[in-house]
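In case you want the letters, here they are:
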Number of protein chains: 6
Amino acid sequence: MQFEIERIIRTALEEDIGLGDMTTEVTVAPDSVVRAELVAKEDFILAGIGVAAKVFTVLDADVKFEKIFDDGKSVRKGEVIAWLKGPAAVLLSGERVALNLLQRMSGIATLTARYVEAVKGTAATIVDTRKTVPGLRALDKFAVRQGGGRNHRIGLFDGVLIKENHSAAAGSITAAIAGAKKKLPHTLKIEVETRSLEEVEEALEAGADIIMLDNMTLYDMRKGVDLIAGRALVEASGGVNLERVREIAETGVDIISVGELTHSVKAADISMLFVS
Amino acid sequence: MQFEIERIIRTALEEDIGLGDMTTEVTVAPDSVVRAELVAKEDFILAGIGVAAKVFTVLDADVKFEKIFDDGKSVRKGEVIAWLKGPAAVLLSGERVALNLLQRMSGIATLTARYVEAVKGTAATIVDTRKTVPGLRALDKFAVRQGGGRNHRIGLFDGVLIKENHSAAAGSITAAIAGAKKKLPHTLKIEVETRSLEEVEEALEAGADIIMLDNMTLYDMRKGVDLIAGRALVEASGGVNLERVREIAETGVDIISVGELTHSVKAADISMLFVS
Amino acid sequence: MQFEIERIIRTALEEDIGLGDMTTEVTVAPDSVVRAELVAKEDFILAGIGVAAKVFTVLDADVKFEKIFDDGKSVRKGEVIAWLKGPAAVLLSGERVALNLLQRMSGIATLTARYVEAVKGTAATIVDTRKTVPGLRALDKFAVRQGGGRNHRIGLFDGVLIKENHSAAAGSITAAIAGAKKKLPHTLKIEVETRSLEEVEEALEAGADIIMLDNMTLYDMRKGVDLIAGRALVEASGGVNLERVREIAETGVDIISVGELTHSVKAADISMLFVS
Amino acid sequence: MQFEIERIIRTALEEDIGLGDMTTEVTVAPDSVVRAELVAKEDFILAGIGVAAKVFTVLDADVKFEKIFDDGKSVRKGEVIAWLKGPAAVLLSGERVALNLLQRMSGIATLTARYVEAVKGTAATIVDTRKTVPGLRALDKFAVRQGGGRNHRIGLFDGVLIKENHSAAAGSITAAIAGAKKKLPHTLKIEVETRSLEEVEEALEAGADIIMLDNMTLYDMRKGVDLIAGRALVEASGGVNLERVREIAETGVDIISVGELTHSVKAADISMLFVS
Amino acid sequence: MQFEIERIIRTALEEDIGLGDMTTEVTVAPDSVVRAELVAKEDFILAGIGVAAKVFTVLDADVKFEKIFDDGKSVRKGEVIAWLKGPAAVLLSGERVALNLLQRMSGIATLTARYVEAVKGTAATIVDTRKTVPGLRALDKFAVRQGGGRNHRIGLFDGVLIKENHSAAAGSITAAIAGAKKKLPHTLKIEVETRSLEEVEEALEAGADIIMLDNMTLYDMRKGVDLIAGRALVEASGGVNLERVREIAETGVDIISVGELTHSVKAADISMLFVS
Amino acid sequence: MQFEIERIIRTALEEDIGLGDMTTEVTVAPDSVVRAELVAKEDFILAGIGVAAKVFTVLDADVKFEKIFDDGKSVRKGEVIAWLKGPAAVLLSGERVALNLLQRMSGIATLTARYVEAVKGTAATIVDTRKTVPGLRALDKFAVRQGGGRNHRIGLFDGVLIKENHSAAAGSITAAIAGAKKKLPHTLKIEVETRSLEEVEEALEAGADIIMLDNMTLYDMRKGVDLIAGRALVEASGGVNLERVREIAETGVDIISVGELTHSVKAADISMLFVS
């Protein structure tokens, strides 16, 4: 993942700094070295501390960055997350990009942790979706893991998910599964989206490895779980929110996928303070 | 901006599709042509319809995409935003990226419009910040404009904003402004962050073009506006939210910058439906 | 895969043509249009005809390329595979790159077809490995499919294969599988490399989805197949060649992975002839 | 060549590792450091040892890689080629790419050496062609040099080779040579492909610096060499194989170009073993 | 600016060295270390010494480069500008690129300094234009600053300059300024090109921040300055040369923009000498 | 060369336009179509008209660009070089980049033509050097050809030029030539820099294909030409200017290389005028 993180950071720095941080260039002496702290302005689960560190070291390999909390840890308002030391010009120029990444990632981890907490004690696992911010999927999915969630497939290339339109195009769920079984790498499980118990049954008989219950009622989900009876993984999807997630988990599904984790993120509030 | 949009779209498609949309490849006939619609699942202000179109035409130049609403328009739940026609495989492979972009951009425009509405009738203008998602700043800022807001500087390279740390590094606000006036392109206005009325006075005397009142009380903002008396633009910043923004606007400031517009976005709910 | 193919073709053309095809520039009139044929100089299975076409259309969108055989078809010595028409300069400058790609890909398909033929009538499927030429994996794996083989995982990112060193690092096969089950996307099957029947048993109990029998004797393979008894897919690997592959298939394994398919390729002999 | 090697290695690592080596991530502790050896599993001429080393140091600058043999040296089955030490995760993730490159390059060097050996004692030099794997030409040609061969031109941009079609387009061999002499950099020799002794004579009179005898009989080659009599370099090309190469060399030609060196490579058998 | 400088240097080195410095590879021992000096062959103002240093360190991080003069300093014919020490092969391969950059940048600084000298004692500031060499704008503009000039806007994205055609398209200067005031970031000054005193008046009333007097007579410039009377910055442009620049400055304009600074540069004469 | 030209144009447009042409965006209606002309403001030799056209078509494929003069033609002050038609916004945004390229290239062609004219009637050919603007070498060298000159090698990778330091490193001119003859592609001529007639003699005996007389007096050049007597090409280099070039040519040298052609270019004066 290191090349992808480097790409993201370089793109972000080029986007923000372009041909130069004009203000800093005319106000800050090049040799002025300072110390700064990243401080939590509210409670959250930390994610991205290594990415934030890398923003500064990409700008200047000699910046010192010492994290106090690891990714995945719970941070309280007022706590210092990390301290850093380096040229004032570098710290000022990198500040915004580092915070933009760290705040988004921590926001994702924090929301994920709330979902994970909500299903605690059930057998259900919270997973993400492909509803990530374009260009940041690697970081979005990393942040989900720090919040205690697991990842669904990364993209269209590393997983099979036969949706309604695919089944329709193939003729039937059965035909779609048969095609996938015959042509795709044997290393991938085959997941099928179903919208009714009849479809669940068809998918099961056709040999699906994972059956997604899409936008079903709690009643149907329970029925689906019973029907499948461990012969395939069961994933609930659609209309999941913090209020409903516990009920969904209690139907006995194995996996609950939640788009909100990455498509509607509230940035965690974090500041960088210069200290003397 | 066209090269930047192309870069964003290509990055997003490579991220999602990689070496191929496995499911589609084994279920959909290459020559199957279908028609689909983008449909609003809630009310929002549209932004990014041209970007969504381009996602599909980058994949296949022959896809037909006809928008029904323009960017900046208000869309009601249930309305069709655009229809498109092309190979089923292309529509399926591009769907997620197009929606991810369109939903985020429309989310930004919608939130911006609420802020703009909130200050209606005052002289204040709502502007964004640099708290955008890394790699998407061009689109984030475009979406703000569709919601009726204006843009602050794009990055560190095209605007001068002397913050507390810059003034401290330069010795004083006065010294920082003097340096900027002497060395930077004459085409840029000089903005200074102030934290007290004393600093406002100093900035004004030193010839600042824009004075930012940072995290001030409403009382101090009003005092600041009086003090400046039209000799510089006045920008309010820090702790702005939908509850407070009207009060802030009524202090008489010219500009209110709002980080939330782009750092904590709720995606607008939009679906792509295949139609027969 | 279209972006990846474009990347490969552009890299190849830049590598070969650089700042210009000197010889062609000084000998061929820019407006001279010619017709040429791609001709088989030996028997082989065709793969890459679309890639070859794209080499020319990347150079000049107006070149006409008409394939006579599709990928996956058997071509006899002397047969014309495709004909093309366009500026002589473009055909001459693109010839080598097009042939280099087409000859390698057809070589892979041809070798794959011989393996597939060798195991005909058994239940075994021939798959490739990651022993591909760096930078060309997408095309190498595409060519294997044209020869009737299937693909193993594309890379390290889209499949799990616990090798000896991974198990050792995790403490045991059991521990390695448990870790993978807990942390990785639920969409991936878990494959484990085993070197003895004891390891097969351990992998099976730990819940492996695919068990690789690595460098085992035919006797042990048969034992392994019996032991597994359909509870996991069985993959034979190591020391596979055309002489041995039938015997291996007859042990009852499901999958046979063959490095030679892509690491030791004999280019199919193909020429481009200008016709009047 | 360092930028090109870096490009090849990065492309290869991104292709194989993508967003992460899943198996290694969940089985290997990040701080586990190991020692490994690259071992020859057959006899061959080594090429690419520096490239293999760089694969690992690109992933992690702190990996230690100590080569025991230099490029161009003969290695015997069972001998250790190099040892390396670093994080187990890095060694496992880089192993396949390093071997894919090293095995191909050593395969090329080994085949080249056999051709060089076959013409030993004659005046002929073995050279490569442009029939290399797209994207790897720099390494393919480097490997030929390690096997004792020399390189023909790198691409179309750094050498002039007037083929039949160029002469036809220019009107005649004479006209083609005249054009090249007048317009191209004076630093390049002009090579002409000939198919008969008449063409040899024409090329010679027109002032060709190098005359290629294309697919001629041994008898005609000898005649050609006599005719040219040292007034131009003589290159034999077409249908060269290990059985025929000595006879060709004995006709007195200066240069023999061999496509097989790079278009039909058998990978040298090399393994990476972890040692305790 | 560091990423942009790296991009420029890498592009230049790839352009010049490509797959290798053939001459150096066959004549210079890899381990031969030498010392060299950059020597002025005429008088000039130095610019680009850090860029020249970076050319060598990009090739080999261990090259030692010690500058004797800083950018912006006056160098006399015969003086040593910098000395460097490193592998002979690296110094020879990097020499031309380093000199090409250093000579151009110093040429720009030297010409700029002559313009600055010519207006000494007046209030006028010499600035550059967008007439730079494509791809090198960052360096061209940096060099202008070393010669004592200031920069105009970097490009079309970071400044507003309403030219004749823009006003015509908008309907009038007044309409164009109104549009810019309403829609563009409040951080940018608005500059308008005027061709007559009537247009100056219109621009002034419409609230232009900077008024460009384009190709006006000295008489009209003086009139324009009087008319504007400090209410906007005044920029003279068009037909500026070293003979006329003093007269223009004496009209009282604030800014004089000079295309020649970057579009017609005479390279400063600098050599690299190997010393024993 | 098409990929390189595209790279140059894209880099230039991104550099100039970045995230958008602000002025044009707020003043020009997107659907306003206009007609414009490129007009010569002085006499010059045209070069780069196709490149200028491409700048506009890269921005918008529908712009119509009709050249009136071809590259290499002499254009008089006041003549229209080309006319173009397209969206006003596109023409305004592309104008500067197109002119920057066209003016530089035409400046190079014009200066080259003066050198070529100066040596008319002698046997000498004018060639360029590697003293080009970093990143634009392909265009610089193309422009030299339009002015009637020829190109020296493109870079370090496609030609051999043994300079003083190379000979010193190899031990002697003789040793350097021997190394080059043995190791480099047989397709390249070997050029050697000489500083005295003794060195000329040594180079000749060692078999140099081209002998450069570096910074020699006219007397020594004549001696050198006599000594070489057609057995190698003779190139004069160093201190060449328009005043001296005829005398140099009359010494009988074959080639005169001129750094000034590309390192000290005066841009040709060209304007773009909108016509109604």
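Asks: Could you give an account of the relation of the copies chain F and chain B, naming the residues involved and the relevant values?
Replies: Here the two chain copies are tied together by a rotation about an axis and a shift along that axis. Relative to chain B, chain F is turned by 120° and slid 0.0 Å along the rotation axis, the superposed coordinates differing by an RMSD of 0.0 Å. As the rotation angle and translation indicate, the two copies are arranged about a three-fold axis. Proximity to the rotation axis, assessed at the C-alpha, singles out F:A61 in chain F; its C-alpha lies 7.9 Å from the axis.

Asks: Account for the interface of chain F and chain B, naming residues and giving values.
Replies: Tallying the contact residues gives 9 residues for chain F and 7 residues for chain B. Between chain F and chain B lies a buried interface of about 710 Å² when both sides are counted; carbon and sulfur atoms form 67% of it. A per-residue breakdown of the area chain F buries against chain B is headed by F:R10, F:L19 and F:L59, which together make up 66% of the total. Along the contact surface separating chain F from chain B lie 1 salt bridge. In this structure, the salt-bridge partner of F:R10 is B:E6, at a minimum N-O distance of 3.9 Å. Put simply, chain F and chain B have 1 residue pair in polar contact (both at pLDDT 80 or more) between them.

Asks: Summarise the packing of aromatic side chains; cite the residues concerned and give the values.
Replies: The final tally for this structure, using the stated rule, is 9 aromatic pairs over all chains. Centroid distance D:F157 to F:F157: 5.8 Å. Interplanar angle 65°. Geometry classified as edge-to-face. One end of the pair, D:F157, is in the loop between α5 (137-146) and β7 (160-162); the other, F:F157, is in the loop between α5 (137-146) and β7 (160-162), on a second chain. The class for D:F157 is buried, based on a relative accessible area of 8%. When the ring centre of D:F3 is taken as reference, the NZ or CZ atom of E:R10 above it lies at 4.1 Å.

Asks: Would you mind going over the packing of helix α3 (residues 49-59) of chain A against helix α4 (residues 88-118) of chain A in detail, with residue names and values included?
Replies: Residues and elements named next belong to chain A. As a packed pair, α3 and α4 sit with axes 9 Å apart at the nearest point and diverge in direction by 160°. Considered as vectors, α3 and α4 are oriented roughly antiparallel to each other. At the point where α3 passes α4, the crossing takes the right-handed sense. Residues I49, V51, A52, V55, F56 and L59 of α3 lie in contact with α4, whose contacting residues are V90, L91, S93, G94, E95, V97, A98, L101, L102 and M105. Split into classes, the residues belonging to the contact of α3 with α4 amount to 13 nonpolar, 2 polar and 1 charged.

Asks: I'd like to hear about the environment of F:R244, residue by residue, with values.
Replies: Residues and elements named next belong to chain F. Along the polypeptide, R244 turns up in the loop between β10 (233-237) and α10 (245-249). For R244, a relative accessible area of 26% translates into the label partly exposed. Sequence spacing of R244 and V160 is 84 residues, and the spatial spacing of their C-alpha atoms is 27 Å.

Asks: Before we move on, could you go through the relation of the copies chain A and chain B and cite the residues and values that matter?
Replies: Screw-axis analysis of chain A against chain B gives a translation of 0.0 Å along the axis, an RMSD of 0.0 Å, and a rotation angle of 180°. The symmetry that links the two subunits is that of a two-fold axis. Scanning chain A for the C-alpha nearest the rotation axis identifies A:V265, at a separation of 3.1 Å. When the interface residues of chain A are mapped onto chain B, 98% of them again lie at the interface, so the same face is used by both copies.

Asks: Residue-level account of the pattern of salt bridges, with values.
Replies: The tally for this structure, following the rule as stated, stands at 90 salt bridges over all chains. A salt bridge links B:D214 to B:R195; the shortest N-O distance between them is 3.0 Å. Of this pair, B:D214 sits in strand β9 (residues 210-214) while B:R195 is found in the loop between β8 (190-194) and α8 (197-205), placing the two residues 19 residues apart along the sequence. Taking relative accessible area as the criterion, B:D214 reaches 9% and is therefore assigned buried. A salt bridge links D:R195 to D:E193; its shortest N-O distance comes to 3.4 Å. Accessibility expressed as a relative area gives 40% for D:R195, which makes it partly exposed. With a relative accessible area of 8%, D:E193 lands in the buried category. Members of the salt-bridge network, linked through shared partners, are A:E6, A:K54, D:R10 and D:E14.

Asks: Residue-level account of the environment of B:R35, with values.
Replies: All names here are of chain B. Along the polypeptide, R35 turns up in strand β1 (residues 33-40). Between the C-alpha atom of R35 and that of A175, which follows or precedes it by 140 residues, the distance is 63 Å. Not counting the four nearest positions on each side in its chain, R35 is found in contact with W83, L84, K85, L273, F274 and V275.

Asks: Can you tell me about the interface of chain A and chain B, naming the residues and giving the values?
Replies: On the chain B side, the residues contacting the 58 residues of chain A number 57 residues. Summing both sides of the interface, chain A and chain B together bury roughly 4600 Å²; the carbon and sulfur share of this comes to 60%. Viewed at the interface, chain B and chain A are joined by 4 salt bridges. Here A:D16 makes a salt bridge to B:R137, at a shortest N to O gap of 2.5 Å. Our count for the chain A to chain B interface comes out at 28 residue pairs in polar contact (both at pLDDT 80 or more). Residue assignment for the side of chain A that touches chain B shows that the elements contributing at least two residues are α1 (2-17), α2 (22-27), α4, α5 (137-146), β7 (160-162), α6 (164-170) and α7 (173-183) of chain A. Here the side of chain A that touches chain B gets 7 residues from one element, more than from any other, and that element is α1(A). Here the residues of the side of chain A that touches chain B sort into 28 nonpolar, 17 polar and 13 charged.

The rules we used
- Residues numbered from 1 in each chain as written.
- Chains lettered and ligands numbered in written order.
- Predicted model: local features only at pLDDT ≥ 70, side-chain atom pairs only at ≥ 80, totals over all residues.
- Heavy atoms only, no water.
- Least-squares fit on C-alpha atoms with pLDDT ≥ 70 in both.
- Contact = heavy atoms within 4.5 Å.
- Buried area = accessible area lost by both parts, 1.4 Å probe.
- Salt bridge = Lys/Arg side-chain N within 4 Å of Asp/Glu carboxyl O.
- Polar contact = N/O pair within 3.5 Å; in protein donor to acceptor, adjacent residues only side chain to side chain.
- Phe/Tyr/Trp six-rings, centres within 6.5 Å; stacked < 30°, edge-to-face > 60°.
- Helix = DSSP H or I, 4+ residues; strand = E, 2+ residues; numbered from the N terminus.
- Buried < 20%, exposed > 50% of the residue type's maximum accessible area, 1.4 Å probe, protein only.
- Lys NZ or Arg CZ within 6 Å of the ring centre and 35° of its normal.
- Axes fitted to C-alpha atoms, helices over the stretch in contact; angles between N-to-C directions.
- Parallel < 35°, antiparallel > 145°, perpendicular 65-115°, else oblique.
- Left-handed = near helix turned anticlockwise from the far one by under 90°.
- Nonpolar A, V, L, I, M, F, W, Y, C, P; charged D, E, K, R; others polar.

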